[in-house]
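Now for the letters of each chain:
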Amino acid sequence: MEKEPLPTDDDKTETTESELNGYAGEESQQGSTEPAARAGWNSKVEYFLAQVGFSVGLGNVWRFPYLCHQNGGGAFLLLYVLLMLVVGIPLFFLELAAGQAIRQGSIGVWRYISPRLAGIGYSSCVVCFFVALYYNVILAWSLFYLGNSFQYPLPWEQCPKQGNLTVKECEKSSPTSYFWYRKALDVTDSIDETGSFNTYIVCCLLAAWTIVCLGMFKGIKSSVKVMYFSSIFPYVVLFCFLIRGLMLDGALEGISYMFYPKLEIWADIQVWRQAATQVFFALGLGFGSIIAYSSYNPKNNNCHRDAFTVSAINFLTSVLATLVVFAVLGFRAKGKVVECVVSNMEKLSDHLHSGDVDTILIPHFNFSDPGSVSVEDYTVWFKQHGHDVPGNLTECDLEKEMQKGVEGTGLAFIAFTEAMSLLPGSPFWSALFFLMLLNLGLSTMFGTMEGILAPLTDRFKTLAKNKTKLTIFSCIIGFLIGLLFTQRCGNYFVMMFDDYSATLPLIIVVVFETFSVSWLYGADRFLDDIEGMLGWRPHVIYKYLWKYICLLAMLGLLAATTIRMFITRPTYMAWNQDKVNVASEEYLKYPGWALAVMALLIIFAMMPVPVALIHAVLQDRTKLTSRDTEIGRYSIVNTDDKCETPMTDMSDLDQRSTTAASFS
């Protein structure tokens, strides 16, 4: 049976779900696709703020700069742009067009294509819920630091004292590391040690969920009002930091290390995997939030242009954030390297006074004034003679210093925080930075919650009538389950959820999405539907990108991610305060029970796909059996050679039965 085209504005507002899914042979209760009555954006600006706010998140600030620096700088940027063009934007366009055409959330969209694919939408909802659980904990941490920023000096500028002695754990690490691990998290030594709840973080988590609930209280009508601030304010802060950062000593060195191209990294398959994963998560593919936001658009909205515009803004934001991060980290690293040089020159002077150093090893520059020695001169001398000088002089490497703590929470709450404490007016810059993180996270949280609420309210009328109650209930459940992350070991669970609860399930979801549209529904038919919406037909290259390039790329990413998970035992970064000379981070292997939890998270997220498939197949067979019974009971056996199949239309059967009766 020929599949129906996607609904148009000329369609009736009231229709049955069996009409929507008539090509699949499903007869359902009376429902409403509400294409005309569905809520919509008040303006294109609101839509852009929501879509950009969702796609531009914390990963643009603390994940992209790290990947760019670790994987070849400028070479990684070129690879990222390539994958964005051939994989990211086509898939982003696919989700935008599907949501805008069908005007449903993720469950409704994939159920429209086939009831057997409804599980894809449910899986997206489950993954969104997992992400919301730990993402809001990061907002709670930002709130905690924001509250502590309104004091001078900042509490992480110097080590606390017990009596007349500096706290040993802080002395063995750094003030910012100590404040993060001991004051903010009060973290345990491993994930096996649970510990009590952190009262301050519990209160901040409650505040974070309250803000999200208030913002989502009336759906997009209320959340978009918050987004006028939360989506724009981060750009104001980033430009302020960029201007201030470029005036700092060491900023240019930091940026030059950032963009120095290392083209040899293109031969490393892991770099391709990391670039593809970053493209995937940067655009928010698979969450269902893109579909949900797009479903509120008018049918004639140019979603093709939107796909390129939002993707370009996302990429430029990542580059802007990278400039800011490495300008500030360059300043921090330059300060540490200068301290290192001064310390080593003082050691050298002491050995010269005691006659322990051969005159051949004495540097040509004036080391009697350690503060005047340049890092470049010291580096050249150290490579030639440093290891021959007694006293264990150390290498003062700017690049190695910049690599310390430049990813994720290590960047935001340790490295960047330390750099800001060195700036004049540090409380102001600290409050600005954590307010920026809070707003970046809020915009993403609104999109994530919309990826849960919109599909459920579209699918179930009872929930649609009680959307406010559903929103409040979801936030309460999120807060209660989120208490898991407020234990002393909670940071380790955040890392577990961040690394394993979403990555694999979302890749599988996008594989199913791409296959469903390009092969089951048909790429040509989908392009016909888009032509009907836009008034012009997108280039035929999208057909081949969806059917082959994107699908193969996602399957390759799925294979690479799965193989890596099985080959390399998962690890997490723990805080070890008991090391002899220094308290520091170290990688530990997850225990067996934690691996079981990871497996359950992945299985639970993907379970709706096969469950929905089996349910739809059984439902079809039940209806087929019931239909055959009705025909056998009320019609005369006909002698037509044409045999009935599950795809035979009921009207044909009735007509043939009537004909047989008239000839008998």
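Predicted model only: the values in this text are computed from it and were never measured.

Conventions we followed
- Residues numbered from 1 in each chain as written.
- Predicted model: local features only at pLDDT ≥ 70, side-chain atom pairs only at ≥ 80, totals over all residues.
- Heavy atoms only, no water.
- Helix = DSSP H or I, 4+ residues; strand = E, 2+ residues; numbered from the N terminus.
- Buried < 20%, exposed > 50% of the residue type's maximum accessible area, 1.4 Å probe, protein only.
- Contact = heavy atoms within 4.5 Å.
- Areas by Shrake-Rupley, 256 points an atom, 1.4 Å probe, with all protein chains shown as cover.
- Phe/Tyr/Trp six-rings, centres within 6.5 Å; stacked < 30°, edge-to-face > 60°.
- Lys NZ or Arg CZ within 6 Å of the ring centre and 35° of its normal.
- Polar contact = N/O pair within 3.5 Å; in protein donor to acceptor, adjacent residues only side chain to side chain.
- UniProt positions renumbered as here; feature names shortened; annotations may be inferred.
- Disulfide = S-S within 2.5 Å.
- Axes fitted to C-alpha atoms, helices over the stretch in contact; angles between N-to-C directions.
- Parallel < 35°, antiparallel > 145°, perpendicular 65-115°, else oblique.
- Left-handed = near helix turned anticlockwise from the far one by under 90°.
- Nonpolar A, V, L, I, M, F, W, Y, C, P; charged D, E, K, R; others polar.
- Salt bridge = Lys/Arg side-chain N within 4 Å of Asp/Glu carboxyl O.

> Honestly, the overall build of the protein chain in this entry has me stumped. Any pointers?
Each helix and strand counted, the protein chain has 28 helices and six strands in total. Expressed as a percentage of its 664 residues, the buried residues of the protein chain come to 55%. Of all intrachain contacts in the protein chain linking residues separated by at least 6 positions in sequence, the fraction that spans at least 24 positions is 78%. Accessible area for the protein chain stands at about 29,000 Å²; split by element, carbon and sulfur atoms hold 61% of it.

> I'm lost on the packing of aromatic side chains in this one. Help?
The description of an aromatic ring pair rests on the distance of the ring centres and on the angle between the ring planes. For the structure on display, the rule yields 46 aromatic pairs. Measuring from ring centre to ring centre gives 5.2 Å for Phe-428 and Trp-429, while their planes differ by 75°; the resulting arrangement is edge-to-face. The exposure class of Phe-428 is exposed, given its relative accessible area of 52%. Since its relative accessible area comes to 11%, Trp-429 is described here as buried. Look at Phe-433 and Phe-434: their rings are 5.1 Å apart centre to centre, the planes differ by 75°, and that puts the pair in the edge-to-face class. Its end group placed over the ring of Tyr-521, Arg-525 keeps NZ or CZ at 5.7 Å from the ring centre. Against the face of Trp-519 rests Lys-547, its NZ or CZ located 4.2 Å from the ring centre.

> What should I look at first to understand the environment of Arg-332 in this one?
Inspection of the secondary structure assignment puts Arg-332 in helix α16 (residues 303–353). Sequence spacing of Arg-332 and Met-402 is 70 residues, and the spatial spacing of their C-alpha atoms is 8.1 Å.

> Teacher, can you tell me more about the environment of Gln-487 here?
By the secondary structure assignment, Gln-487 is in the loop between α22 (467–482) and α23 (490–500). For the pair formed by Gln-487 and Asn-198, sequence separation is 289 residues and the distance between their alpha carbons is 5.8 Å. Gln-487 has contacts with Thr-194, Gly-195, Ser-196 and Phe-197, leaving out every residue within four places of it along the chain. At 3.0 Å, the side chain of Gln-487 and the backbone oxygen of Leu-484 are in polar contact.

> Can you help me understand the UniProt feature "binding site: Na(+)" (unreviewed entry) in the protein chain in this one?
UniProt marks Gly-53, Val-56, Asn-60, Asn-314 and Leu-440 with the feature "binding site: Na(+)" (unreviewed entry), using the numbering shown here. For the residues just named, distributed over 388 residues, the greatest C-alpha separation is only 12.5 Å, placing them together at one site. Assignment of secondary structure puts Asn-314 in helix α16. Looking at Asn-314, its side chain comes within polar contact range of the main-chain oxygen of Ser-55, at 3.1 Å. The class for Leu-440 is buried, based on a relative accessible area of 6%.

> What should I look at first to understand the state of the cysteines in this one?
Covalently bonding the sulfur atom of one cysteine to the sulfur atom of another cysteine gives a disulfide. For the coordinates displayed, the defined rule picks out one disulfide. Here Cys-159 is linked by a disulfide to Cys-170, with a sulfur-sulfur distance of 1.9 Å. Residues Cys-159 and Cys-170 are joined through a disulfide that is left-handed, its torsion about the S-S bond being -80°. Residue Cys-159 is located in the loop between α7 (118–148) and β3 (161–162), and its partner Cys-170 is located in helix α8 (residues 168–171); the two are separated by 11 residues in the primary sequence. Residue Cys-170 is classed as buried on the basis of its relative accessible area of 1%. There is no disulfide at Cys-125, and the cysteine sulfur nearest it, in Cys-128, is 6.5 Å away. Of the residues examined, Cys-125 reaches a relative accessible area of 7% and is grouped as buried.

> What exactly am I supposed to notice about unusual backbone geometry here?
Most peptide bonds adopt trans geometry, and most residues besides glycine take a negative phi value. Of note, the bond from Tyr-152 into Pro-153 is cis; its omega dihedral lies within 30 degrees of zero at 0°. Summarising the element assignment, Pro-153 is placed in the loop between α7 and β3. A positive phi angle is found at Arg-103, which is not glycine, with a value near 55°. Tracing the backbone shows Arg-103 in the loop between α5 (74–102) and α6 (106–113).

> Explanation requested: the side chain of Glu-418 in the structure shown.
The topology assignment puts Glu-418 in helix α19 (residues 408–421). Ignoring anything within four residues of it in the chain, the contact list for Glu-418 reads Thr-176, Arg-332 and Lys-336.

> Just checking my understanding: could you explain the packing of helix α10 (residues 199–215) against α22 for this structure?
When two helices pack together, their arrangement is given by the angle between the helix axes and by the axis-to-axis distance. At a closest axis distance of 10 Å, the pairing of α10 and α22 adopts a crossing angle of 160°. By the criterion of interaxial angle, the relationship of α10 to α22 is roughly antiparallel. α22 is crossed by α10, and the crossing has right-handed handedness. Side by side, α10 and α22 meet where Val-202, Leu-205, Leu-206, Trp-209, Val-212 and Cys-213 of the first sit next to Thr-471, Ile-472, Cys-475, Gly-478, Phe-479 and Gly-482 of the second. Here the contact of α10 with α22 is built from residues that sort into nine nonpolar, three polar and no charged.

> Whenever I open this one, the pattern of salt bridges confuses me. Can you help?
Scanning all chains against the criterion turns up 11 salt bridges. Residue Glu-169 pairs with Arg-182 through a salt bridge whose shortest N-O separation is 3.1 Å. Here the residue Glu-169 occupies a position in helix α8, and Arg-182 occupies one in helix α9 (residues 175–184), the gap between them amounting to 13 residues. The two residues Glu-169 and Arg-182 agree in class, both being buried. The shortest N-O distance in the salt bridge between Lys-334 and Asp-249 comes to 3.3 Å. Highlighted residues: Lys-334 in helix α16 and Asp-249 in the loop between α12 (233–246) and α13 (251–259), separated in sequence by 85 residues. A network of salt bridges, in which partner residues are shared, links Glu-169, Arg-182, Asp-186 and Arg-488.

> Explain the environment of Trp-519 here, please?
Mapped onto the secondary structure, Trp-519 falls in helix α24 (residues 503–534). With near-sequence residues (within four places) excluded, Trp-519 lies in contact with Thr-514, Lys-547, Tyr-548 and Leu-551. Engagement of the side chain of Trp-519 in a polar contact is seen with the backbone oxygen of Lys-547, the distance being 3.3 Å.

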